[in-house]
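Structural features, examined
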Amino acid sequence: MRIGDVMGNSTCVGCCQPLTSDVRSREHILPQWLANEVKVPDLALKHYLHDTEENSDELLRSHGLGSFVIKNVCAPCNNGWMSRLEERAKPLLLDLMNMKASLLQLSIEDRTTVSAWAIKTAFMIGSAQKSIGSLPWHLFRGLAEQPENIPVECFVLAAQLPFLPKGFLYACPGDVLPQYQDPVSWRVGFSIHQLHFVVVLPLLAAERMVRTSGVQLPIWPLDLEILVRYQSFPTITVPADLINFLTELVQAGVMQKRPDHVQPDTVS
């Protein structure tokens, strides 16, 4: 069963209320406090369309980080639960992205807060992509209704990588399986300084198995189990190639049902 839905510009993605002119807001995909932390002088945020078959990138647009905004959120959501989530996550993110704290030191409460923030941010990044037609917005709205009840359908993996360039990077590859016409999930990978996230946003209600190279740690759900497949790393000098590579390390295949005498397998 597909669980992604398309939200137009007429209703808020957080609460579904009509986006009239008096409640529509400009939501910064990266909050202003974070944009000020990660912006690099004289460098613009460049958006590319990545062709996996040709291994090439097409530049779509370029602008300042402060202009990376969307208009699908109402003011009450923007200034309410989303703002409160930012305030809770801010001190944790600042320490993690500047390598002053470790992901391994996070308490259960802190992991929950960081995961909620990463999921919220992944939805915002995804909604700004013209190539993404639908997202599971009912899971996003769950954050607004019960901020402490993070959707277990969304997987969050993270890593602290000192070789990452300072600034902000992101990638949004889809998981496409031969038996389905549309993607079964989106992987939103993004980095703020040395802190890297990959968030899996499901479009199909199905059991999944997450596989990675061991670079990223699973932080949500709290009991998330992953398969680790170690691999050699190529030399990468272009930031766009680096974020694509790191995001592709995480695979969230849908479990396929086999005959009883065959063990379930994963498809990625």
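What follows is about the pairing of strand β9 (residues 195–202). Two faces make up the sheet, and in a regular strand the side chains alternate between them. Among the eight residues that make up β9, eight are buried, leaving the element largely enclosed by the rest of the structure. Alternating residues of β9 divide into Leu195, Phe197, Val199 and Leu201 and His196, Val198, Val200 and Pro202, and every residue in both groups is buried. Where strand β5 (residues 155–160) meets β9, six bridges bridge the pair, whose relative direction is antiparallel. Each bridged residue has a counterpart across the sheet, and for Ala159 the counterpart in β9 is His196.

The next point concerns the packing of helix α4 (residues 108–127) against helix α5 (residues 137–145). Contact geometry for α4 and α5: axes closest at 11 Å, N-to-C directions at 135°. When the interaxial angle is binned, α4 and α5 end up oblique. Along this stretch, α4 crosses α5, giving a crossing that reads as left-handed. On α5, the residues touching Ala116, Ile119, Lys120, Phe123, Met124 and Ser127 of α4 are Trp137, Leu139, Phe140 and Leu143.

The subject of this paragraph is the pattern of salt bridges. Enumeration according to the criterion identifies three salt bridges in this entry. Across the pair Lys120 and Glu86 runs a salt bridge whose closest N-O atoms are separated by 2.4 Å. Note that Lys120 is positioned in helix α4 and Glu86 in helix α3 (residues 81–97), a separation of 34 residues in sequence. By relative accessible area, Glu86 is classed as buried at 8%. Of the charged contacts in the structure, one is a salt bridge between Asp175 and Arg187, with a shortest N-O distance of 2.9 Å. With Asp175 in strand β7 (residues 174–175) and Arg187 in strand β8 (residues 185–192), this pair connects stretches of sequence that are 12 residues apart. On the basis of relative accessible area, Asp175 is assigned to the buried category, the value being 10%. For Arg187, a relative accessible area of 4% puts it in the buried group.

This next bit is on the nonpolar core. Ranked by size, the top nonpolar core spans 57 residues in total, and within it Trp117, Ile119, Phe123, Met124, Phe140, Phe190 and Phe197 carry the most contacts. If you tally residues by element for this core, the top one is α4, at nine residues. Excluding residues that lie within four positions of it along the chain, Phe197 makes contacts with Leu93, Val114, Trp117, Ala118, Val156, Leu157, Ala158, Val188, Gly189, Phe190 and Ile219. Among the nonpolar cores identified, the runner-up in size contains eight residues, and Leu157, Val198, Leu224 and Ala252 belong to it.

Turning our attention to the state of the cysteines. Taken as a whole and assessed by the stated rule, the structure comprises zero disulfides. Left without a disulfide partner, Cys74 is nearest to the cysteine sulfur of Cys12, which lies 3.6 Å away.

Empty space among the atoms becomes apparent when a probe as large as a water molecule is rolled across them. A full pass over the atoms with the stated rule returns two cavities of 30 Å³ or more. Each pocket or cavity is described by its volume, and for the second largest cavity that value is around 30 Å³. Arg211, Thr212, Ser213, Arg229, Gln231, Leu249 and Gln251 together form the lining of the second largest cavity. By residue class, the composition of the lining of the second largest cavity is one nonpolar, four polar and two charged.

For the protein, the average pLDDT comes to 80, and 79% of its residues sit at 70 or higher. Low confidence marks residues 258–268, where pLDDT is under 50. Its contacts with residues over four positions away, or in another chain, come to 19 contacts.

Inspection of the entire model under this criterion finds eight aromatic pairs. A ring pair is formed by Trp117 and Phe197, whose centres lie 6.0 Å apart and whose planes are at 55°; its orientation type is tilted. One end of the pair, Trp117, is in helix α4; the other, Phe197, is in strand β9, and 80 residues separate them in sequence. Three or more aromatic residues link up through ring pairs in this structure, and these residues are Trp81, Phe123, Trp137 and Phe140.

Conventions we followed
- Residues numbered from 1 in each chain as written.
- Predicted model: local features only at pLDDT ≥ 70, side-chain atom pairs only at ≥ 80, totals over all residues.
- Heavy atoms only, no water.
- Buried < 20%, exposed > 50% of the residue type's maximum accessible area, 1.4 Å probe, protein only.
- Helix = DSSP H or I, 4+ residues; strand = E, 2+ residues; numbered from the N terminus.
- Pairing = 2+ DSSP bridges.
- Axes fitted to C-alpha atoms, helices over the stretch in contact; angles between N-to-C directions.
- Parallel < 35°, antiparallel > 145°, perpendicular 65-115°, else oblique.
- Left-handed = near helix turned anticlockwise from the far one by under 90°.
- Contact = heavy atoms within 4.5 Å.
- Salt bridge = Lys/Arg side-chain N within 4 Å of Asp/Glu carboxyl O.
- Core = buried A, V, L, I, M, F, W, Y, C linked by side-chain atoms within 4.5 Å.
- Disulfide = S-S within 2.5 Å.
- 1 Å grid on protein atoms, 1.4 Å probe; cavity = no way out; pocket = protein on both sides within 12 Å on 5 of 7 lines; lining within 4 Å.
- Points joined across faces, edges and corners; volume = space filled by probe spheres on them.
- Nonpolar A, V, L, I, M, F, W, Y, C, P; charged D, E, K, R; others polar.
- pLDDT = per-residue confidence, 0-100.
- Phe/Tyr/Trp six-rings, centres within 6.5 Å; stacked < 30°, edge-to-face > 60°.

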